[in-house]
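Geometric and topological summary
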Amino acid sequence: MFETKYKIVADSSSNLCPNNDSAFATVPLKILTSEKEYTDDNSLDVMQMVKELAECQGKTSTSCPNIYDWLSSFDNAECVFCITITSALSGAYESAMQAKQEYEKKNPGAKVHVFDSLSTGPEIALIIERLSQNIQKEMDFDEIVKDIETYQKHIHLFFTLESVQNLARNGRIHPAMAKIVGVLNLRIVGEASDEGTLAPLHKCRGSKRAVQKLFAEMKTKGYQGTKVRIDHCDNETSAISLKNLIMTEYPNADIEIKPCRGLCSYYAEQGGILVGFEG
Ligand code: X90
């Protein structure tokens, strides 16, 4: 017998920290150095990790959850929704799909759907918010899946980054993109492409300019004052200035700001901002 009806499970790139909410769980990715392994769970001191990584000379990398990490978070639920970081840059989607197969085989009647966010961080958070609303509305499983697939066409992710060193070193961006950043005070503004990769849009001098460009890009995607979720790596100042800029035009916008957890902090690096929104 199933213990609960619904479970929502995301990987830790969602930047969400489940509290005692048993209907939602995250599975950690890992950040690896030659000396140490950081597990991206609630006990990770993200700022301490960022500090240690800045001093780390050797090669660093990350790893995605394996099939057992996913399975152990399904908690004997009848219906499970998994949301993963983009399959174009991580194996998290593949391992979640394996977990789905295993779980459905072992538990006749169970249903697992894995959503490939083709994105990360705050865009995943938007999907999760929508999922919980749909569950509350008592929509059925297939209806929920359909609704989320449609919703995904209307949400987007933009970012500004001060460094793309870790992305470049781990082969997650095109080498040409690595070359244009790293110059003093130069920031890159980009988006998650439809294929789930990083697509650069602008080079900007200074954070104020980057925030303005990012907001202009949001409007080209049809942003009109609804939800915005901003995740930052040690850069609440820019997150707040983006929020204020949006509020001058859309005073009733629903905007939330929170810090990145480990995985996004590692790749977005100090100063990075990720912005998920409804277009
Ligand atoms: O499986 C693994 O080891 C994880 C690899 C993740 C690689 C990319 C993480 C990107 C994090 C950077 C800016 C926004 C990216 C947009 C994604 C399409 C955040």
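These numbers come from a predicted model, not from an experiment. Sequence order as written defines residue numbering, which begins from 1 separately in each chain. Two thresholds apply to this predicted model, a pLDDT of at least 70 for residue-level local features and 80 or more for giving and counting side-chain atom pairs, whereas whole-chain, interface and lining totals are computed over all residues. Think of the side-chain values as coming from all heavy atoms in the structure, minus any hydrogens and water.

Moving on to the site of the ligand. A single heavy atom is enough: if one lies within 4 Å of a molecule or strand, its residue is considered near that molecule or strand. Around the ligand sit 17 residues, and of these Thr 62, Cys 64, Leu 89, Ser 90 and Arg 172 come closest. Here Ser 63 contributes a backbone N or O atom positioned 3.5 Å from an oxygen atom of the ligand. Polar contacts, as counted here, are pairs of nitrogen or oxygen atoms within 3.5 Å of one another; within protein the pair requires one atom able to donate a hydrogen and one able to accept it, and residues that are adjacent in sequence qualify only if both atoms are side-chain atoms. Contact between the ligand and Ser 90: an oxygen atom at 2.7 Å from a side-chain N or O atom of the residue. Taking 550 Å² as the accessible area of the ligand by itself, protein coverage stands at 99%. Cavities and pockets were defined on a 1 Å grid built from protein atoms only: a cavity is a group of points that admits a 1.4 Å probe but offers it no way out, a pocket is an open group of points flanked by protein on both sides within 12 Å along at least five of seven lines, and a lining residue is one with an atom within 4 Å of any such point. Whether a molecule sits in a cavity or pocket is decided by its atoms, more than half of which must lie within 2 Å of the grid points. Spatially, the ligand is embedded in the largest pocket. When residues of the shell around the ligand are traced back to their parent elements, those giving at least two are strand S5 (61-63) and strand S8 (155-161). For this classification, the nonpolar set comprises Ala, Val, Leu, Ile, Met, Phe, Trp, Tyr, Cys and Pro, the charged set comprises Asp, Glu, Lys and Arg, and every other residue, Gly included, is treated as polar. Residue composition of the shell around the ligand, by class: 10 nonpolar, 6 polar and 1 charged. Accessibility throughout is a Shrake-Rupley quantity obtained with a 1.4 Å probe, and a residue counts as covered only by protein chains that appear here. The numbering of helices and of strands both runs from the N terminus, where a helix is a DSSP run of H or I of at least 4 residues and a strand a run of E of at least 2.

The subject of this paragraph is the sheet that holds strand S1 (residues 4-11). When DSSP locates at least two bridges between a pair of strands, those strands are taken to pair. Spatially, S2-S1-S6-S7 is the arrangement adopted by the 4 strands of the open sheet, whose pairing is parallel. Pairing within the sheet leaves two strands with one partner each, and these edge strands are strand S2 (24-27) and strand S7 (111-116). Strand-to-strand twist of the sheet, defined as the mean angle between neighbouring strand axes without regard to direction, takes the value 20 degrees. Direction of pairing for strand S6 (residues 77-84) relative to S7: parallel, over a ladder of 6 bridges. When the sheet's bridge partners are listed, Ile 83 is paired in S7 with Phe 115. Any two residues having at least one pair of non-hydrogen atoms within 4.5 Å are treated as being in contact. To obtain an axis, a line is fitted to C-alpha atoms, over the contacting stretch when the element is a helix, and the angle between two such axes runs from 0 to 180 degrees between their N-to-C directions. Sitting on the sheet, helix H3 (residues 92-106) touches S1, S6 and S7, and the angle it makes with S7 is about 170 degrees.

Let's shift gears to the sheet that holds strand S11 (residues 227-232). Spatially, 6 strands are ordered S10-S9-S8-S13-S11-S12 in an open sheet, and the strand pairing comes out mixed. The strands lining the two open edges of the sheet, one partner per strand, are strand S10 (198-205) and strand S12 (254-259). Sheet twist, expressed as the mean angle between neighbouring strand axes with direction ignored, is 20 degrees. Sheet topology note: the S8/strand S9 (residues 186-192) ladder contains 4 bridges and is antiparallel. By the bridge assignment, Thr 160 is partnered in S9 with Val 189. Helix-sheet contacts for helix H4 (residues 121-136) involve S8, S11, S12 and strand S13 (273-278), and the interaxial angle to S11 is about 135 degrees. Across the sheet, helix H8 (residues 207-220) touches S8, S9, S10, S11 and S13, and the angle it forms with S10 is around 135 degrees.

With that out of the way, let us pick up the nonpolar core. Grouped together as the largest cluster of nonpolar side chains are 43 residues, with contacts concentrated most on Trp 70, Phe 74, Val 80 and Cys 82. Counting only elements with at least two residues in this core, the list comes to helix H1 (46-54), helix H2 (67-71), S6, H3, S7, S8, S9 and helix H10 (262-268). Cys 82 has contacts with Val 9, Trp 70, Phe 74, Val 112, His 113, Val 114 and Phe 115, leaving out every residue within four places of it along the chain. Core analysis: the second largest hydrophobic core is formed by 23 residues, Leu 16, Phe 24, Cys 79 and Ile 127 among them. For this analysis, a nonpolar core means a set of buried residues of the types Ala, Val, Leu, Ile, Met, Phe, Trp, Tyr and Cys, connected via side-chain atoms within 4.5 Å. Working definition: with a 1.4 Å probe on protein chains only, accessible area under 20% of the residue-type maximum means buried, over 50% means exposed, and in between means partly exposed.

Turning next to the packing of H4 against helix H5 (residues 141-152). Between H4 and H5, the shortest axis-to-axis distance is 10 Å and the interhelical angle comes to 145 degrees. Judged by the sense of rotation from one axis to the other, the crossing of H4 with H5 is right-handed. Judged by residue contacts, Glu 123, Leu 126, Ile 127, Arg 130, Leu 131, Asn 134 and Ile 135 of H4 engage Ile 144, Asp 147, Ile 148, Tyr 151 and Gln 152 from H5. We call a crossing left-handed when the near helix sits turned anticlockwise from the far one by less than a right angle, and right-handed when that turn is clockwise.

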